[in-house]
Protein chains: 2
Amino acid sequence: MNAHNWTQTLRVDSGFRLADVDPNAKPGYSDGKSDGTRDLATGLEKLNELQERLFAQSRAEVAKDAVLLVLQAMDSAGKGGIVRHVVGSVDPQGVELAAFKAPTEEERAHDFLWRIEKRLPAAGFIGVFDRSHYEDVLIGRVRELAPPAEIERRYEAINEFEARVVASGTRIVKVMLHISPDEQKSRLMERLERPDKHWKYNPGDVDERLLWPEYMQAYQTMFDRTSTAAAPWHVIPANAKWYARLAVQELLLAALEDINPQWPLANFDVEAEKKRLKHS
Amino acid sequence: MNAHNWTQTLRVDSGFRLADVDPNAKPGYSDGKSDGTRDLATGLEKLNELQERLFAQSRAEVAKDAVLLVLQAMDSAGKGGIVRHVVGSVDPQGVELAAFKAPTEEERAHDFLWRIEKRLPAAGFIGVFDRSHYEDVLIGRVRELAPPAEIERRYEAINEFEARVVASGTRIVKVMLHISPDEQKSRLMERLERPDKHWKYNPGDVDERLLWPEYMQAYQTMFDRTSTAAAPWHVIPANAKWYARLAVQELLLAALEDINPQWPLANFDVEAEKKRLKHS
């Protein structure tokens, strides 16, 4: 399987229709689960080395680039699993994770991008947004948490914001994990059936679930308005967790290979330091 | 091997002398490296489950407890490896990692504990301090970065600060990784010999190395003054990386077992939710 190229098929381009995406599909990937698991393990090694090189640049104070993974999805689609099994496989020292909940009073007193800006990854880091500024045009739109004109304003504000972030050296990898309503029902039911999973369940999940068509419409509009050349969206069918993890890993690999981080050159005299160390 | 009890031997009690600790020793642990590696893998599973239970409490908003691992050591002693291989094995969503560098101008304009307080882990989380407020009585003392009276003031300030943190529900696990000067020389030399490790080398490391006896004295004073019943120090011989990792893991396990986190009870009617979900 030719790495990375296959994730191109997940990209949201003009004419994209979310309703046409089958959450059970594995677009671009012809192999099955056992091959997928093997490719995931192989990819983790590559991801580890690339991430270490990127992080090394930050330590050497020569880093200019960063990666920002933005994860959006309906409840139980597998964001947590991505954080744990894909991002969690690299050195935590080089990862900056931000889980955005409902905004606090202080956050609501600022523009919706205020809290987002503060959590952008520093150069040399991989940042992960578990939910993001896109909540402000998803639940914000579906639940009418802001006037329609404000929701409208946000799409362009997001595009300008992200264009600046990309221009500053950060690759933004935007991912929507797409599950089917039936798959969600079965995952939520499992949470209800197992006492050790009750903490993952929130009655509000069903409230949002009842608005599934409205959410899909809000996602479609979000894709139409904010899948830009600088920061395109990717919709990943996520009924099969292994496929979703593999696809996110491939997208991260592609971003890191685009950066192509090199081991930083020593900014000291290596031979002189060897002598100094030897006699210390 | 009886889990956890053996780490008691690493605890700094009155009369402790750092000079008596052999960095090659494996106190309390009679098995060798292959058994150690096996015990590490077994421990990781336990650590994962306990961490998930603790994190679940935070999600259910019933968490009262947290764990704070404080790592101090001379350069190259293996702090990074602990973060990566021990802490890095649990779900990153439940970990709050803080690497403290030389304080910024803004930080220096505040009391030395100001920046520390801000990075304390929230209830339900495992916090890790890669270096900490103890730098202010280590390099602070050795390099005379503050007047002697200020350094003196800090020991008691630390004890009062930590007593409050412990009283609020946070188990503080304080660890000094103890390597020998020869082992450090060999690790630093490896960094100089490998271009892909140059980024880990800093000429300042040798500057501090030349003050080894002064540092050991500053550590001894730190142990004498800040190894309290509420937050005792542990000195872990760290020439053998596997032993150091195993020991830190055991200390974290002991802290989590002391908390004994239970899966939170559902704060909703499980049967009613099943029905509601079924018909959604």
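Look above for the structure.
The structure presented is a predicted model; accordingly, all values stated were derived computationally and were not measured.

*Asks:* Please set out the sheet that holds strand S4 (residues 170-178) of chain B residue by residue, giving values where relevant.
*Replies:* All names here are of chain B. Pairing is parallel in the open sheet, where five strands are placed in the order S2-S3-S1-S4-S5. The two strands at the open ends of the sheet, each matched to only one other strand, are strand S2 (95-99) and strand S5 (233-237). Each neighbouring strand pair of the sheet contributes to a mean axis angle of 20°, computed without reference to strand direction. Where strand S1 (residues 66-73) meets strand S3 (residues 126-130), five bridges bridge the pair, whose relative direction is parallel. Bridged to Leu71 within S3 is Asp130. This element, helix H10 (residues 241-259), spans S1, S3, S4 and S5 of the sheet and lies at about 170° to S4.

*Asks:* Any chance you could break down the relation of the copies chain B and chain A for me, citing the residues and the numbers?
*Replies:* Superposing chain B onto chain A takes a rotation of 180° combined with a translation of 0.0 Å along the rotation axis, leaving an RMSD of 0.0 Å. Accordingly, the operation relating the two chain copies is best matched by a two-fold axis. Most of the interface of chain B is mirrored in chain A, where 100% of its interface residues again form contacts.

*Asks:* Tell me about the environment of Tyr201 of chain A, and name the residues and values.
*Replies:* Mapped onto the elements of the fold, Tyr201 of chain A is located in the loop between helix H7 (181-193) and helix H8 (203-209). For Tyr201 of chain A, a relative accessible area of 4% corresponds to the buried category. When the C-alpha positions of Tyr201 of chain A and Leu188 of chain A are compared, they lie 7.0 Å apart, and in sequence the two are 13 residues distant. Contact partners of Tyr201 of chain A, with chain neighbours within four places excluded, come to Leu188, Arg191, Leu192 and Val206 of chain A together with Phe268 and Glu273 of chain B.

*Asks:* Quick rundown of the pairing of S1 of chain B? Include the residues and the values.
*Replies:* A large share of S1 of chain B lies buried, amounting to eight of its eight residues. Side chains Ala66, Leu68, Val70 and Gln72 of chain B of S1 of chain B all project onto a buried face; the interleaved residues Val67, Leu69, Leu71 and Ala73 of chain B project onto the opposite face, where all are buried too.

*Asks:* I'd love a proper account of the interface of chain B and chain A, names of residues and values included.
*Replies:* Taken residue by residue, the interface counts 44 residues in chain B and 44 residues in chain A. Ranking the residues of chain B by area buried against chain A places Arg84, Trp199 and Leu277 of chain B at the top, with a combined share of 19%. Connecting chain B to chain A are two salt bridges. Asp207 of chain A serves as the salt-bridge partner of Arg276 of chain B, at 2.9 Å between the closest nitrogen and oxygen. Summed over the shared surface of chain B and chain A, the result is 14 residue pairs in polar contact (both at pLDDT 80 or more). Counting only elements with at least two residues in the side of chain B that touches chain A, the list comes to helix H1 (33-59), helix H2 (79-85), helix H7 (181-193), helix H8 (203-209) and helix H11 (270-278) of chain B. Top element by residues in the side of chain B that touches chain A is H11 of chain B. It accounts for six residues. Residues that form the side of chain B that touches chain A fall into these classes: 21 nonpolar, seven polar and 16 charged.

The rules behind each value
- Residues numbered from 1 in each chain as written.
- Chains lettered and ligands numbered in written order.
- Predicted model: local features only at pLDDT ≥ 70, side-chain atom pairs only at ≥ 80, totals over all residues.
- Heavy atoms only, no water.
- Pairing = 2+ DSSP bridges.
- Helix = DSSP H or I, 4+ residues; strand = E, 2+ residues; numbered from the N terminus.
- Axes fitted to C-alpha atoms, helices over the stretch in contact; angles between N-to-C directions.
- Contact = heavy atoms within 4.5 Å.
- Least-squares fit on C-alpha atoms with pLDDT ≥ 70 in both.
- Buried < 20%, exposed > 50% of the residue type's maximum accessible area, 1.4 Å probe, protein only.
- Buried area = accessible area lost by both parts, 1.4 Å probe.
- Salt bridge = Lys/Arg side-chain N within 4 Å of Asp/Glu carboxyl O.
- Polar contact = N/O pair within 3.5 Å; in protein donor to acceptor, adjacent residues only side chain to side chain.
- Nonpolar A, V, L, I, M, F, W, Y, C, P; charged D, E, K, R; others polar.

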